[in-house]
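# Coordinate inspection notes
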Amino acid sequence: MSIVKSADGTQISYDVYGEGQPLILVDGATAHRAVNPLNAETAKLLSDQFRTYVYDRRGRGESGDTAPYAIQREIEDIAALIEDAGQPAIVLGGSSGSLLALDAAAAGLPITKVVAWEPPVIVDDSRPPLPTDYVEQLDAHIAAGHPDLAAELFFTAAIGMPPEAVAGMRQSPYFQPVVDVAHTISYDGRIMGTTMSGNPLPTDRWATIAVPVLVLHGDNTWPTLASGAQAVAALLPTAHLKVIPGADHAADITHLATALRDFAG
């Protein structure tokens, strides 16, 4: 494990695999190295071509956190990793992390290309939109000392699971790790902004992106995620859409690695 200090002094923990072109992997909501082995497995698969950074986003795993939260702080975390790499990087974001990756590119960080895996935007009526007060509800649960209720809200409102299924999840080993980082779920809620409202995507948020963008979704994913990926690709003039065979929201790392190699050139 290694550590970089972000601009606000927060320590960001990461592992590095391989040598070559820098590649930063950005997790989606609740994920970090201890609970998501896919990033490390992907990094090892790519170790012959890329120097891949697998890190814990702030507030999760072994990384620190500094209040108050702002999306800009997470952009600065990515900037610190790129500075450590010593040269411009490709940034690959998964799920809500893909919007953070796009935000980092729009902010002008030294990023050569962006890969967005299944950005979870909602642009149609294929599923209910997020409640307009989703972030406020999350913050209220955390302030009241109920991270479990914040986790439940994430599973029902953001992921779209039935309440009875979430009630059953409370007895599974997968629930507590989400509760442990529930204070960070609102971070991703802020990153998503209005993009899960069922309305068209904002045209100005990523208007400054000039680097190539690869938007990916699996052919076995939920219809709303497919239409969301298509909407992001259609919005960005530098974007290309690719469908990964056999994949759902959990990326197939072999096909993902192949797509990334082709995109990197």
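Scroll up for the structure.
Quick look at the structure, then. (Residues numbered from 1 in each chain as written. Predicted model: local features only at pLDDT ≥ 70, side-chain atom pairs only at ≥ 80, totals over all residues. Heavy atoms only, no water.)

### Examining the pairing of strand E3 (residues 21–26)
As a reminder of what qualifies: Buried means the residue's accessible area, taken with a 1.4 Å probe over protein chains only, is under 20% of the maximum for its type, while exposed means over 50%, and partly exposed covers the values in between. Put simply, DSSP H or I for four residues or longer makes a helix, DSSP E for two residues or longer makes a strand, and each gets a number counted from the N terminus. When DSSP finds at least two bridges between two strands, those strands are taken to pair. When the strands point away from the viewer and the connection leading from the first strand across the helix to the second strand turns clockwise, the crossover is called right-handed.
Extensive coverage of E3 is indicated by the burial of 5 of its 6 residues. Alignment of E3 against strand E4 (residues 50–55), held across 5 bridges, turns out to be parallel. Note that in E4 the partner of isoleucine 24 across the bridge is tyrosine 53. A crossover connection joins E3 to the parallel E4 through helix H1 (residues 38–45); in handedness this β-α-β unit is right-handed. Direction of pairing for E3 relative to strand E5 (residues 89–94): parallel, over a ladder of 4 bridges.

### A few points about helix H2 (residues 71–85)
What counts is decided by this rule: Multiplying 1.5 Å by the residue count of a helix minus one yields the expected span of that helix.
Its 15 residues give H2 an end-to-end C-alpha distance of 22 Å, which sits within 8% of 21 Å, the value for a rise of 1.5 Å per residue. Taken residue by residue, H2 has Glu74, Ile75, Glu76, Asp77, Ile78, Ala80, Leu81, Ile82 and Ala85 as its buried positions. Downstream of H2 by a residue or two, glycine 86 has a phi angle that is positive, lying close to 85°.

### Things to note about the packing of aromatic side chains
What characterises a pair of aromatic rings is the spacing of the ring centres plus the angle enclosed by the ring planes. What counts, and what does not: To pair, rings of Phe, Tyr and Trp, with the six-membered ring standing in for Trp, must have centres within 6.5 Å; the planes then decide the type, stacked if under 30 degrees apart, edge-to-face if over 60, and tilted in the middle. Two thresholds decide whether a charge sits over a ring: the Lys NZ or Arg CZ must be within 6 Å of the ring centre and within 35 degrees of the ring normal.
Applying the stated rule across the entire model yields 4 aromatic pairs. Three or more aromatic residues joined by ring pairs make a cluster, and in this case those are Phe154, Phe155 and Phe175. It is lysine 113 that lies over the ring of phenylalanine 263; its NZ or CZ is 5.0 Å from the centre.

### Some remarks on the environment of valine 114
Just so we agree on the cut-off: Whether two residues touch is decided by their heavy atoms; if any such pair falls within 4.5 Å, the residues are in contact.
Within the fold, valine 114 resides in strand E6 (residues 111–117). When the C-alpha atoms of valine 114 and valine 213 are compared, they prove to be 4.7 Å apart, with 99 residues separating the residues in sequence. Aside from chain neighbours lying at most four places away, what touches valine 114 is Val91, Ala101, Leu102, Ala105, Val211, Pro212, Val213, Leu214 and Phe263.

### Thoughts on helix H3 (residues 96–106)
Of all the 11 residues making up H3, 11 are buried; the element is thus mostly covered by neighbouring parts of the structure. Every buried residue belonging to H3 is among Ser96, Gly97, Ser98, Leu99, Leu100, Ala101, Leu102, Asp103, Ala104, Ala105 and Ala106, and all of these are buried. Directly beyond the C-terminal end of H3, a positive phi value near 90° is found at glycine 108.

### Brief notes about the packing of H2 against H3
Defined as follows: Axes here mean lines fitted to C-alpha atoms, for a helix over just the part in contact, with angles spanning 0 to 180 degrees between N-to-C directions. Every angle not falling under 35 degrees, over 145, or within 65 to 115 is termed oblique; those three ranges are roughly parallel, roughly antiparallel and roughly perpendicular. In this classification, Asp, Glu, Lys and Arg are treated as charged, Ala, Val, Leu, Ile, Met, Phe, Trp, Tyr, Cys and Pro as nonpolar, and every other residue, Gly included, as polar.
Close contact between H2 and H3 brings their axes to 10 Å; oriented N to C, the two are set at 80°. The orientation of H2 with respect to H3, classified from their angle, is roughly perpendicular. Touching Ile71, Glu74, Ile75 and Ile78 of H2 are Leu100, Asp103 and Ala104, all from H3. Tallied by class, residues from the contact of H2 with H3 come to 5 nonpolar, no polar and 2 charged.

### Remarks on the side chain of threonine 52
Within the secondary structure layout, threonine 52 lies in strand E4. The buried category is assigned to threonine 52, whose relative accessible area is 0%. Those residues in contact with threonine 52 that lie beyond four places of it in its chain are Asp15, Val16, Tyr17, Leu23, Leu25 and Ala43.

### Side note on the nonpolar core
Cut-off, in case you're wondering: To define a nonpolar core, start from buried Ala, Val, Leu, Ile, Met, Phe, Trp, Tyr and Cys residues and group those joined through side-chain atoms within 4.5 Å.
Counting 62 residues, the largest nonpolar core has Ile24, Tyr55, Ile78 and Tyr134 as the members making the most contacts within it. Discounting chain neighbours no more than four positions away, the residues touching isoleucine 24 are Tyr53, Tyr55, Leu81, Ile82, Ala89, Ile90, Val91 and Leu92. With 23 residues, the next largest nonpolar core counts Leu25, Val54, Ile90 and Leu256 among its residues.

### So, the pairing of strand E2 (residues 11–17)
With 4 bridges connecting them, strand E1 (residues 2–5) and E2 associate as antiparallel partners. Within E2, the position partnered with lysine 5 by the bridge is glutamine 11. As consecutive antiparallel partners, E1 and E2 are separated by 5 residues, and within that stretch glycine 9 has a phi angle of approximately 90°, a positive value. Bridge count between E2 and E4: 4 bridges; the pairing is antiparallel. Across the sheet, residue valine 16 finds its bridge partner in E4, namely tyrosine 53.

### Re the sheet that holds strand E7 (residues 213–218)
The strand order across the open sheet built from 8 strands is E1-E2-E4-E3-E5-E6-E7-E8, with neighbouring strands paired in mixed fashion. Each edge of the open sheet is held by one strand with a lone partner, namely E1 and strand E8 (239–244). The mean angle between the axes of side-by-side strands here comes to 25°, regardless of whether they run parallel or antiparallel. Relative to the sheet, helix H10 (residues 253–264) contacts E3, E4, E5, E6, E7 and E8, its axis offset from that of E6 by approximately 150°.

### Brief notes about the pattern of salt bridges
Between side chains of opposite charge, a pair can form as their charged atoms come close. Our working rule: What counts as a salt bridge is simple: a side-chain nitrogen of Lys or Arg found within 4 Å of a carboxyl oxygen of Asp or Glu.
On inspection of all chains with the given rule, the structure shows 15 salt bridges. Between arginine 58 and aspartate 8 there is a salt bridge, with its nearest N and O atoms 3.0 Å apart. Residue arginine 58 is found in the loop between E4 and H2, and its partner aspartate 8 is found in the loop between E1 and E2; the two are separated by 50 residues along the sequence. Since its relative accessible area comes to 1%, arginine 58 is described here as buried. A relative accessible area of 29% places aspartate 8 in the partly exposed class. Between arginine 170 and glutamate 152 there is a salt bridge, with its nearest N and O atoms 2.5 Å apart. Within this pair, whereas arginine 170 is found in the loop between helix H6 (163–169) and helix H7 (175–180), its partner glutamate 152 is found in helix H5 (residues 147–159), the two being separated by 18 residues in sequence. Take arginine 170: its relative accessible area is 31%, and that puts it in the partly exposed class. Using a relative accessible area of 23% as the deciding quantity, one classes glutamate 152 as partly exposed. Through salt bridges with shared partners, one network takes in Asp15, Arg33, Asp56 and Glu62.

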